[in-house]
Every structure is written in structure tokens, then in C-alpha cells.
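Structural overview
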Protein chains: 2
Amino acid sequence: MKSLLIVAHGSRRSESNSEIAQVAARLADKARGEFDIVEHAFLELADPSIPEGIERCIARGATSVQVVPYFLARGTHVADDIPRQVAIKQATYPGMDIRITDYLGCAEELVDVLLRLAR
Amino acid sequence: MKSLLIVAHGSRRSESNSEIAQVAARLADKARGEFDIVEHAFLELADPSIPEGIERCIARGATSVQVVPYFLARGTHVADDIPRQVAIKQATYPGMDIRITDYLGCAEELVDVLLRLAR
């Protein structure tokens, strides 16, 4: 059973963190049949953490975990901090397929989304 | 002549700021004929500032400026800081149509983008 974990930065504002939970819920709807488990996690300032998010996926029966960084720029968070936290669970579950995808900001389609917002 | 100004947070890392300039360049290509002027600006930590970005649009002949927040969450930056900086130029040019659109994070299509990245 494939799982998908959206990872956002995390905020001191609970409303911002709730937005991520809502994105994950909509994604779960959309991904059904392809990714039957969708969870979310935060790099910092909010729970669940990235290792906790991966554990949640596995506890629900995941056989793979795709970690999708919900970040717009390739800063140190995307380049270093997320991989470091994911590596903790990759070490715990060496037989499990846990990998990090491209981050949101490198998706070409964002330009279409911006154009639609501007219209 | 309609213009579009993407506003990102801005970073101490010049690579992150360059990513925004690249998004603006791709957007300019895509928006041609609809928004003939596309500029970018930063809320903080990098240049041009939001008022400077609006001035650039106007200097290039813009008759309207659509300010699109390149932000994922509706935090104080989106709710307060961007409107405050835009208001400076709205006061300078009362006859000009300068408005702020929805921010990127509230676009429903982001879920499709995340799903595509996970595949």
C-alpha cells in the first residue's frame, strides 16, 4: 500500500498548520486508489514531526512512503533538513521504500496556477 | 497595458531569489497578450521591494497591477504585510487599478501538482 507524506515548514500560527491538514485531506480524496494513505508532517514548530509522519504511514500499513516537500524554494530546509530527518526512518526501516520527491516550487505548473489567480 | 507582479518572501540565499526571477520569466512567456508586463518583488531580505516592483510596472507603461502573493499559507505576511506595502503605492496612484489577488497556497490545483510530483 503506497503512502504519501506532505511535509510543510510548520508555523506558530495554528491556522497555517490547519491549512496543511486541509491540503492533505483534499489530496487523500484525489489520490485514492493510487496512494491509499496520505499524511502530513512539519519540519519544525508543529506536530507531527517528519519521523512521526513516516511512522504514521507505516502504522497504517504503508509499503512505501513518498515524502513531498511543500516548499517553494530549494533552501537548506529542502536540501539538508528534510533529508536528514527522513534518513532517521530510512535507517530504522532499511527494507522500506522511503524517498523524497521534487519540492513543490520546482513544478512547472505553478506558472499556470499563478496566471489563473491573476485573471 | 495590464501588469502582474509576483511577490515572494525573499531570502538571504541568492539562489532562492533567483528561482523567483526564473518563475517570473516563465510567467512572462506564458502571460503574453494578457499581461504584457510581468515583474517580481520581495517582501523582505531582497530587492526589489514591493513598492519598487509596482513602480517598475508603472514605469513600463502598466495601466493596472495585479499583485500575486507567492506564499503557501495565509500568515501575517499575506494578511497584513503585503497589503500594507501595496497600500503605499495605491495612495501614490489613486487612479491606478492596483490590487492583490488570492495567494498561491489557496489554489485548489496545488493538490494536482503534489500528486504529479509524488508519481
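The paragraphs below set out a description of the structure included in this document. All of these numbers come straight from a predicted model, not from anything done at the bench.

Turning next to the relation of the copies chain B and chain A. Of the transformation superimposing chain B on chain A, the axial component is 0.0 Å and the angular component is 180°, with the fit at an RMSD of 0.0 Å. Such values leave the two copies arranged in the relation of a two-fold axis.

All names here are of chain A. Packing of helix H2 (residues 50-59) against helix H3 (residues 76-92) brings their axes to within 8 Å, and their N-to-C directions diverge by 45°. Regarding the angle of H2 to H3, the classification is oblique. The two elements H2 and H3 cross, and the hand of that crossing is right-handed. Across from Ile 50, Pro 51 and Ile 54 in H2, the residues of H3 making contact are Ile 82, Gln 85, Val 86, Ile 88 and Lys 89. When the residues that make up the contact of H2 with H3 are grouped by side-chain class, the tally is six nonpolar, one polar and one charged.

This next bit is on the pairing of strand E3 (residues 64-69) of chain A. Residue and element names in this part refer to chain A. Of all six residues in E3, five are buried, a share of seventy percent or more. Bridge count for strand E1 (residues 2-8) against E3 is six bridges, and the pairing is parallel. Paired with Lys 2 across the strands is Ser 64, a residue of E3. With four bridges joining them, E3 and strand E4 (residues 97-100) adopt parallel strand pairing. Each bridged residue has a counterpart across the sheet, and for Gln 66 the counterpart in E4 is Arg 99. Note on the crossover from E3 through H3 to E4: the handedness is right-handed.

Moving on, we come to the environment of Ala 24 of chain B. All names here are of chain B. Relative to the helices and strands, Ala 24 resides in helix H1 (residues 14-31). Assessed through the 22 C-beta atoms surrounding it within 10 Å, Ala 24 is described here as buried. C-alpha of Ala 24 to C-alpha of Glu 39: the two residues are 15 residues apart in sequence and 6.4 Å apart in space.

Next up on the list: the environment of Gln 66 of chain B. Among the secondary structure elements, Gln 66 of chain B is positioned in strand E3 (residues 64-69). When neighbours within four sequence positions are excluded, Gln 66 of chain B is seen to be in contact with Ala 118 of chain A together with Leu 4, Arg 99 and Thr 101 of chain B.

Residues and elements named next belong to chain B. Reading across from one edge, E2-E1-E3-E4 is the order of the four strands in this open sheet, with parallel pairing throughout. Only two strands of the sheet have a single partner each, and these edge strands are strand E2 (37-42) and strand E4 (97-100). Taking each pair of neighbouring strands and ignoring which way they run, the sheet shows an average axis angle of 20°. Lying over the sheet, H1 contacts strand E1 (2-8) and E2, oriented at roughly 160° with respect to E2. Contacts between helix H3 (residues 76-92) and the sheet are confined to E1, E3 and E4, with E4 contributing the most and set at about 175° to the helix.

What counts, and where the lines are drawn
Residues numbered from 1 in each chain as written. Chains lettered and ligands numbered in written order. Predicted model: local features only at pLDDT ≥ 70, side-chain atom pairs only at ≥ 80, totals over all residues. Least-squares fit on C-alpha atoms with pLDDT ≥ 70 in both. Axes fitted to C-alpha atoms, helices over the stretch in contact; angles between N-to-C directions. Helix = DSSP H or I, 4+ residues; strand = E, 2+ residues; numbered from the N terminus. Parallel < 35°, antiparallel > 145°, perpendicular 65-115°, else oblique. Left-handed = near helix turned anticlockwise from the far one by under 90°. Contact = placed C-beta atoms within 7 Å. Nonpolar A, V, L, I, M, F, W, Y, C, P; charged D, E, K, R; others polar. Buried ≥ 20, exposed ≤ 12 C-beta atoms within 10 Å, placed from the backbone. Pairing = 2+ DSSP bridges. Right-handed = clockwise from strand over helix to strand, strands pointing away.

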